[in-house]
Amino acid sequence: MAERYDLVLTGGRVVTPSGAVETDVAVRDGRIVGLGDFRTAAAAETLDCGGLTVLPGVIDSQVHFREPGLEHKEDLESGSRAAVLGGVTAVMEMPNTRPLTDSPETLADKLARARDRMWCDHAFFVGATPANADRLAELERLPGAAGVKIFMGSSTGDLLVADDGTLARVLASGHRRVSVHAEDEPRLVERRALVADGASVESHPDWRDRESAIRATKRLIATARATGRPVHVLHITTAEELELLAEARDIATVEVTPQHLTLAAPDCYRALGTHAQMNPPIRGAADRAALWDAIASGLVDVLGSDHAPHTAEEKARPYPDSPSGMPGVQTLVPLLLDRVNAGWLTLERLVDLTAAGQQRLFGITGKGRIVRGYDADFTIVDLSAEREITQDWLASKSGWSPFTGMRVKGWPIATVVRGHIVMRDGALTSSQARGRPIRFDATADPAA
Ligand code: DOR
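Values in this document were obtained by computation on a predicted structure and should not be read as measured data. Per chain, residues are indexed from 1 in the order of the written sequence. Whole-chain, interface and lining totals are the exception, using all residues; otherwise, since this is a predicted model, local features are given only for residues with pLDDT of at least 70 and side-chain atom pairs are given and counted only at 80 or more. Hydrogens are left out, water is left out, and the side-chain values use all remaining heavy atoms of the structure.

As a further point, take the site of the ligand. Every one of the 13 residues lining the ligand counts as a neighbour, but Arg66, Asn96, Thr156, Asn279 and Ser324 are closest to it. Between N or O atoms, a polar contact is any pair within 3.5 Å; within protein, one atom must be a potential hydrogen donor and the other a potential acceptor, and residues adjacent in sequence are included only when both atoms are from side chains. Asn96 places a polar side-chain atom, nitrogen or oxygen, 2.9 Å from an oxygen atom of the ligand. Contact distances for the ligand include 2.9 Å between an oxygen atom and a side-chain N or O atom of His181. The Shrake-Rupley method, run with a 1.4 Å probe, gives the accessible areas here. Residue values count only the displayed protein chains as cover. Considered on its own, the ligand offers 290 Å² of accessible surface; in the complex 100% of this is hidden by protein. By residue class, the composition of the shell around the ligand is 3 nonpolar, 9 polar and 1 charged. Summary of the distance rule: residues count as near a molecule or strand when at least one heavy atom falls within 4 Å of that molecule or strand. Gly falls in the polar group here, along with every residue not listed as nonpolar (Ala, Val, Leu, Ile, Met, Phe, Trp, Tyr, Cys, Pro) or charged (Asp, Glu, Lys, Arg).

Let us now look at the pattern of salt bridges. Salt bridge, as applied in this entry: a Lys or Arg side-chain nitrogen positioned within 4 Å of an Asp or Glu carboxyl oxygen. All told, the structure shown has 33 salt bridges when counted by the stated rule. Taking the shortest distance from any N to any O, the salt bridge between Asp209 and Arg187 comes out at 2.5 Å. Of the two residues, Asp209 sits in the loop between α6 (204-207) and α7 (210-227) while Arg187 sits in helix α5 (residues 185-191), which places them 22 residues apart along the sequence. No difference in accessibility class separates Asp209 from Arg187, as the two residues are buried. With a closest N to O distance of 3.8 Å, Arg349 and Asp352 form a salt bridge. Each helix corresponds to a stretch of at least 4 residues labelled H or I by DSSP, and each strand to a stretch of at least 2 residues labelled E; elements are numbered beginning at the N terminus. Each residue is assigned to one of three classes by its accessible area relative to the maximum for its type, calculated with a 1.4 Å probe on protein chains only: buried under 20%, partly exposed between the two thresholds, exposed over 50%.

We now examine the domain arrangement of the protein chain. Where each domain starts and ends follows an automatic or database-derived domain assignment. Domain parsing of the protein chain yields domain 1 (4-54 + 371-386 + 393-428) and domain 2 (57-362). In this structure, domain 1 and domain 2 have C-alpha centres spaced 27 Å apart. Any two residues having at least one pair of non-hydrogen atoms within 4.5 Å are treated as being in contact. Listed by partner, the interface residues are 37 residues for domain 1 and 44 residues for domain 2. Here domain 1 packs against domain 2, burying approximately 3,300 Å² in sum over the two surfaces, 67% of which is carbon and sulfur. The three residues of domain 1 that bury the most area against domain 2 are Lys397, Trp400 and Phe403, which together make up 22% of that side's buried surface. The interface formed by domain 1 and domain 2 includes 2 salt bridges. With a shortest N-O distance of 2.7 Å, Asp121 and Arg418 are connected by a salt bridge. At the boundary of domain 1 and domain 2, one finds 16 residue pairs in polar contact (both at pLDDT 80 or more). Contributions of two or more residues to the side of domain 1 that touches domain 2 are made by β1 (4-16), β2 (19-28), β14 (378-388), β15 (407-417), β16 (420-424) and β17 (427-428). Here the element with the most residues in the side of domain 1 that touches domain 2 is β15; it accounts for 9 residues. For the side of domain 1 that touches domain 2, a count of residues per class yields 22 nonpolar, 9 polar and 6 charged. Two parts placed together each lose some accessible area under a 1.4 Å probe, and the buried area is that loss summed for both.

In structure tokens:
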């Protein structure tokens, strides 16, 4: 009897670990079961991918979805809806919610809230605090845990590991790669007076200056080496940090964000005001060029959107009372496809930065590559589609993007999560949210 499949993708250009090939992809029970000619195969559903490019499902390894406690900015449903509308199939969400995600109970609460409400697969970071530092080895192995997150400098929320002693205690507890926001708290406190009431948002990168980031990254690399613990340094912003990290490949991996690759000071602050305010700040064009060089050279391991929504009203408060952060999970794929079309990076490099890289760094089980046996997660894009990023396309509760009005070439056409077509032509295809916890090699299987 002929094999039956749940889904067959036909006629697309499929980016596999061996390069881009014209092939069909067959899916059964949420997994990829074959690449080849499946045009005549019996399938419950067929998706015609003629003229389209099929990428491994994009994994956004840094988002803030604000639930519980800050649901007026975003929640797990709206944030994950924005993700799949933008072509993202899985997210790793940050712990600076209210309450903080810093215990087995708060992690279990997020997983329970995600069930039947999140449109994409998901995992949640556990925030490191002085109080839970010695329990992190146990916490990081819980099902659904993405790993541990450290804030070395104060940002949105109350998470902080300011001193080297606590940093060493945190890094000594556990084995998985730890994700770190590297800004030096003592220096931030010392320079806070630079942004007294009435200061312009243009001074945000003077307060949280390059040295704040460089110092923290230096301290982090030293403590990571001393404890033998691998770290992942989030949203790198300076050329100097890239130099330091190029010499720290034994212990550290590197993330950059689409916004640091796209915007530059001072123009962004003049054009966007506090909408361009984030931590670490958007810096000048020379640093932005250094980030692109690090994309080209291979130094950058992954992209993360640092989707950090705040409402327009909150952003309208006068600086420095305006909160830091901008949404980005929905615009990551279009912004980067546009750069692929401009020749700034290859499609293969984009796949490594958004899927295979995450799988490698975080030990994700069965995602990140289009290969038999892996989850059937696909980001299906039209590289030739020219579109404008418009406000009415955005699903985030924040309701704005620093990139509205921007014209891009390259657009997500369909999002497939474990064989379910979740988004097609800009709309959700069902009313049933089916996101599941991401599985990791280091944790017990949450789907079991
Ligand atoms: O700008 C930022 N916003 N940086 C962070 O580190 C946190 C984020 C947020 O949660 O708003």
